[in-house]
Amino acid sequence: MAAGLSAHGARFAQRHGMHPTDVRAVTVLLDASGTGEELTAGRLGAALGLNSAGTTALVDRLERAGHARRVRGRRDRRHVVVRVEDRAVGLVGPHTGRLADRATALLRDYDDRELAAVRRFLTGMRDAAGQEAADT
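Residues numbered from 1 in each chain as written. Predicted model: local features only at pLDDT ≥ 70, side-chain atom pairs only at ≥ 80, totals over all residues. Heavy atoms only, no water.

Attention now moves to the overall build of the protein chain. Summing up its helical and strand segments, the protein chain has 6 helices and 3 strands in all. Ordered by position from the N terminus, the helices and strands of the protein chain form the series α-α-β-α-α-β-β-α-α. With the C-alpha coordinates aligned to their principal axes, the bounding extent of the protein chain is approximately 45 × 35 × 30 Å. Counting the 136 residues in the protein chain, one finds 24% classified as buried. In the protein chain, once contacts between residues fewer than 6 apart in sequence are set aside, the share between residues at least 24 apart is 47%. With an accessible surface of roughly 9,200 Å², the protein chain has 53% of that area assigned to carbon and sulfur atoms. Here the protein chain contributes 22 positive and 17 negative side-chain charges, whose respective centroids are spaced 5 Å apart. (Helix = DSSP H or I, 4+ residues; strand = E, 2+ residues; numbered from the N terminus. Buried < 20%, exposed > 50% of the residue type's maximum accessible area, 1.4 Å probe, protein only. Contact = heavy atoms within 4.5 Å. Areas by Shrake-Rupley, 256 points an atom, 1.4 Å probe, with all protein chains shown as cover. Lys, Arg positive; Asp, Glu negative; His and termini not counted. Charge placed at Lys NZ, Arg CZ, Asp CG, Glu CD.)

Below, the structure is given as structure tokens:
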């Protein structure tokens, strides 16, 4: 599943002249925007597993492409946050939305017991991956 999702994202990125990490970053920024969360470059980099140099290069690429911009935070003007631009919303939003719609349609056929098992498995895998990253 992870390999299939990664390949799906890579094909989308290639079709649109983006780096796969850029697509992942825009997706993270879209998710944050949807919940009203503001992400600093550091928090964006941490979400993607990037170091500070890699995060700077990423945000620079996103800005040059018109996908994101650095702005002062709404809650705390001392912070610089990365905000997703409408161009990226229009490009990446439908891509991730279609996949989410397909996943939702698949889940409609599961009963509560099956959904609980899927949730338990996915939560366990997320936690295992996080622990693996912490161990290395």
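Another point: the packing of helix α3 (residues 41–48) against helix α4 (residues 52–64). The N-to-C vectors of α3 and α4 enclose an angle of 105°; their axes lie 9 Å apart at closest approach. As far as their axial angle goes, α4 and α3 are roughly perpendicular. In this structure, α3 contributes Ala41, Leu44, Gly45 and Leu48 to the contact, and α4 contributes Thr55, Leu58 and Val59. Here the contact of α3 with α4 is built from residues that sort into 5 nonpolar, 2 polar and no charged. (Axes fitted to C-alpha atoms, helices over the stretch in contact; angles between N-to-C directions. Parallel < 35°, antiparallel > 145°, perpendicular 65-115°, else oblique. Nonpolar A, V, L, I, M, F, W, Y, C, P; charged D, E, K, R; others polar.)

Turning to the nonpolar core, a few remarks are in order. Counting 20 residues, the largest nonpolar core has Met18, Val26, Leu29, Leu44, Leu62 and Val92 as the members making the most contacts within it. Going through the elements one at a time, α1 (2–15), α2 (20–35), α3, α4, β3 (80–84) and α5 (86–107) are the ones with two or more residues in this core. Per-element tally for this core: the top contributor is α2, with 6 residues. When sequence neighbours within four positions are dropped, the list of residues in contact with Leu62 reads Asp22, Ala25, Val26, Leu29, His67 and Ala68. (Core = buried A, V, L, I, M, F, W, Y, C linked by side-chain atoms within 4.5 Å.)

A separate point is the environment of Leu115. You can see Leu115 is positioned in helix α6 (residues 112–135). The partly exposed category is assigned to Leu115, whose relative accessible area is 23%. Residues within four places of Leu115 in sequence aside, it is in contact with Leu107 and Tyr110.

What follows covers the sheet that holds strand β1 (residues 39–40). Sheet architecture is open: 3 strands sit in the order β1-β3-β2, paired in antiparallel fashion. Each having just a single partner strand, β1 and β2 (68–72) make up the two edges of the open sheet. With 5 bridges joining them, β2 and β3 adopt antiparallel strand pairing. Residue Ala68 lies in a different strand from β3, and its bridge partner there is Val84. Strands in contact with α4 are β2 and β3; relative to β2, the strand with the most contacts, it is inclined by about 105°. (Pairing = 2+ DSSP bridges.)

A full pass over the atoms with the stated rule returns 9 salt bridges. Its salt-bridge partner being Arg74, residue Glu38 comes within 3.5 Å of it at the nearest N-O pair. Here Glu38, found in the loop between α2 and β1, pairs with Arg74, found in the loop between β2 and β3; they are 36 residues apart in sequence, far enough to count as distant. Because the salt bridges share partners, they merge into one network encompassing Glu38, Arg74 and Arg83. (Salt bridge = Lys/Arg side-chain N within 4 Å of Asp/Glu carboxyl O.)

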